Amino acid sequence: MVAAGRRGRGGGAAARADDTAHTGPSATVVRLRNRVVATLGDRLRRVHAIGVLALQAGLAAALAWLLAHEVLHVAQPVFAPISAVSTLAASVGQRLRRTVELIIGVTVGVSVGDLLLAVIGTGWWQLALIVALAILVVLFLTASAAVVLQAGATAVLIATLSPSVGHLEIPRFVGALVGGGVALLVTAVLLPLNPLRVLNRAARPALDLLSTQLDATAGALAEGDAGPARTALTELRQNKDELRAFIEATQGAREASTLSPVHWRERHGPVARYAQAAEPIDRAMRNTGTLIRRAVSLIEDGEPVPKPMPEAVADLAEAVRLLQRQFAVGHEPRQAREQALRAVGRAGHAYREGVGFSGAVVVAQVRTTVSDLLVATGLTQDVANRLVRRAFGELGRSADTNPDG
C-alpha cells in the first residue's frame, strides 16, 4: 500500500508534467491542426456530395439563356437563367413542384401587377398595394412559401420597372417557363442523378447511427454497465437531421426515377423498395429508443440479463447493417430478414429463461423493431408480424410472471 501510495504521488508529478506538455503551445498547434483537417474533410465531402448540383445549375443557366435569347429572341433574357437556378436550388425531390410553383407565382404576380397598374398607376403606395394583393391572392390559392416569394417578387418587378421598361410581363412569364423547363431537362436527361446513390448517401448516416447504438447497448447488457447504454440513448435521440435527410432523399429518388428515362427501370425495383423503407425505419428508430431506455433501467435495477438478450440486440444491429448493404447494391434484402428473425428467436430464448419487468419490455421492443425492419424490407405488416411470432416461439412463462418466484 505504501509503495502504491509512493507510485501514486510520483505518478501525480509525472501526470502534471505530462499535462503541462499536453497543454503547451505544441498541444494547441496539434488541436488546431486536427480541427482544420476535420473541417477541411467535412467541406470536401460536402462538395463531393452536392458538386453535381453546381454542374446542373451552370448548365441549366447557360441553356436557359441560349434558348430565351437565340430561339425566342428575348432581348435581355435575365429571368430564364434565374428561374432555372431557382428551380435547381430546391431540395432534390421537389424540383417538379418548384417549377409549377414558380409558374403559378409569376402568373399571379404579373396578373395582379398589370391589373392594378392600369387602374391606380405607379407610386410607393401603389407598390405596397400591388405586392400585398398579389401575396393575398397566392395565399388564397396555396400556402406554399415558394409561390408567395415568386408572386411578391414578380409584383415588385412589374410595379417598379413596367413604367420604364415596356412589355416586361412577357419576358418574365417566358423566363419562368423556359427556366423551369430547362432545369427539369437538365436533371432528367442531361445530368440526371442516380436515385440509388442519392438514397445510399442519405440512408447511411441514419442506419449507421441505429446499428452503432444497438451494438453499444448489447455491450452494456453483456457487461452490466449502464453507461454505454445511456450514451447510446443520447446519441440516438439526436437523429432528426439524419432522418430528415433520408426522407428528403426518398422524395428525390422517386422524382429522379420518374423524370429520368435513364432510371425508369428502377422505379418499381430497388429505388421503390428503398424509398418505401423510410417510414418503417423511422419507427424502428423510435422503438429502439424505448429498447435502450429500458435496457438502462434493467441494468440499474439489477434485473436478470439472460445471455441470449444481449445477443438478440447484437443480432438486431447486424440486421440493420445487412439491410443497409443490401439496399446499397439493389439486392432483395433476404439476409437482413433472416438476421432480424434470428434476433427475435434469441429474444424468445431470453424471455423463457426469465426476465424482469424492464427485461420483458426490452424483449418486446426487439420484436417490434424487427417487425419494423421487416416492413422496411418490403414485407407487409401482417406478414412481418406473423414471421416475428413464429420466430419468437412459445411465450412460456417469464420469471416476473411466475407466482412462485
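As the structure is a prediction and not an experimental result, all values here were calculated from the model.

Novice: What's the story with the packing of aromatic side chains in this structure? I'm lost.
Specialist: Think of a pair of aromatic rings as described by two things: how far the centres are apart, and how the planes are tilted against each other in angle. Across all of its chains, the model carries one aromatic pair by this definition. Arranged with centres 6.0 Å apart and planes meeting at 50 degrees, the rings of Tyr351 and Phe392 form a pair that is tilted. In this pair, Tyr351 is assigned in helix α14 (residues 334–353) and Phe392 in helix α16 (residues 381–392), connecting sequence segments 41 residues apart. Assigned by exposure class, Tyr351 and Phe392 land together as buried. Positioned over the ring face of Phe392 is Arg352, at 5.9 Å from the centre of the ring. When the ring centre of Phe392 is taken as reference, the NZ or CZ atom of Arg367 above it lies at 4.5 Å.

Novice: Before we go on, may I ask you to explain helix α15 (residues 357–376) in this structure?
Specialist: With 20 residues, α15 extends 29 Å from end C-alpha to end C-alpha; this agrees with the ideal 28 Å at 1.5 Å per step. With respect to burial, α15 is a largely interior element, 14 of its 20 residues being buried. Where α15 terminates, the next one or two residues include Gly378, which has phi positive at roughly 115 degrees.

Novice: What is the right way to look at the packing of α14 against α15 in this model?
Specialist: Helix-helix packing is described using two parameters, namely the angle between the two axes and the distance between the axes. Packing of α14 against α15 leaves a shortest axis separation of 9 Å and a crossing angle of 165 degrees. The pairing of α14 with α15 is recorded here as roughly antiparallel in orientation. For the pair α14 and α15, the sense of crossing is left-handed. Together, Arg337, Ala340, Leu341, Ala343, Val344, Ala347 and Tyr351 of α14 and Ala360, Val363, Val366, Arg367, Val370 and Leu374 of α15 make up the contact between the two elements. Residues of the contact of α14 with α15, tallied by class, amount to 11 nonpolar, no polar and two charged.

Novice: What am I meant to see in the pattern of salt bridges here?
Specialist: For side chains of opposite charge, pairing can occur when their charged atoms come near one another. Inspection of every chain in the model, using the stated rule, returns 10 salt bridges. Linking Arg321 and Asp215 is a salt bridge whose minimum nitrogen-to-oxygen distance equals 2.6 Å. Here Arg321, found in helix α13 (residues 308–328), pairs with Asp215, found in helix α8 (residues 195–223); they are 106 residues apart in sequence, far enough to count as distant. By relative accessible area, Asp215 is classed as partly exposed at 31%. Measuring nitrogen to oxygen at the nearest pair gives 2.8 Å for the salt bridge that ties Arg230 to Glu300. Taken together, the positions of Arg230 in helix α9 (residues 226–237) and Glu300 in helix α12 (residues 278–300) put the pair 70 residues apart, joining distant regions of the chain. Given a relative accessible area of 43%, Arg230 falls into the partly exposed group.

Novice: What should I look at first to understand the environment of Leu298 in this one?
Specialist: Within the secondary structure, Leu298 is located in helix α12. Leu298 gets classed as buried once you look at its relative accessible area, which sits at 0%. Separated by 72 residues in the primary sequence, Leu298 and Ala226 have C-alpha atoms spaced 8.7 Å apart. Once residues within four sequence positions are removed from consideration, Leu298 is found in contact with Leu221, Glu303, Pro304, Val305, Met309, Ser358, Gly359 and Val362.

Novice: What am I meant to see in the confidence of the model for the protein here?
Specialist: Detail in the predicted coordinates should be disregarded across regions flagged by low pLDDT. Per-residue confidence for the protein averages 79 on the pLDDT scale, and 79% of its residues sit at or above 70. For residues 1–23, every residue scores under 50 in pLDDT, and the model assigns this stretch four contacts once sequence neighbours within four places are set aside. Note on residues 398–405: pLDDT is under 50 here. Beyond four places in sequence and across chains, it has 10 contacts.

Novice: Teacher, can you tell me more about the packing of α8 against α13 here?
Specialist: α13 packs onto α8 with a crossing angle of 170 degrees between their chain directions and a minimal axis gap of 8 Å. Here α13 runs roughly antiparallel to α8, going by the angle between their axes. Here the residues of the contact of α8 with α13 sort into 16 nonpolar, four polar and four charged.

Novice: So what exactly am I meant to see when it comes to the nonpolar core here?
Specialist: Membership of the largest hydrophobic core comes to 66 residues, with the highest contact counts inside it found for Met309 and Val370. With 13 residues, the single largest contributor to this core is α8. Discounting residues that sit within four places of it in the chain, Met309 has contacts with Leu221, Leu298, Ala350, Val355, Gly359, Val362 and Val363. Core analysis: the next-biggest nonpolar cluster, separate from the first, contains 18 residues, Val108, Val112, Ile130 and Ala134 among them.

Conventions adopted
Residues numbered from 1 in each chain as written. Predicted model: local features only at pLDDT ≥ 70, side-chain atom pairs only at ≥ 80, totals over all residues. Heavy atoms only, no water. Phe/Tyr/Trp six-rings, centres within 6.5 Å; stacked < 30°, edge-to-face > 60°. Helix = DSSP H or I, 4+ residues; strand = E, 2+ residues; numbered from the N terminus. Buried < 20%, exposed > 50% of the residue type's maximum accessible area, 1.4 Å probe, protein only. Lys NZ or Arg CZ within 6 Å of the ring centre and 35° of its normal. Expected span 1.5 Å × (residues − 1). Axes fitted to C-alpha atoms, helices over the stretch in contact; angles between N-to-C directions. Parallel < 35°, antiparallel > 145°, perpendicular 65-115°, else oblique. Left-handed = near helix turned anticlockwise from the far one by under 90°. Contact = heavy atoms within 4.5 Å. Nonpolar A, V, L, I, M, F, W, Y, C, P; charged D, E, K, R; others polar. Salt bridge = Lys/Arg side-chain N within 4 Å of Asp/Glu carboxyl O. pLDDT = per-residue confidence, 0-100. Core = buried A, V, L, I, M, F, W, Y, C linked by side-chain atoms within 4.5 Å.

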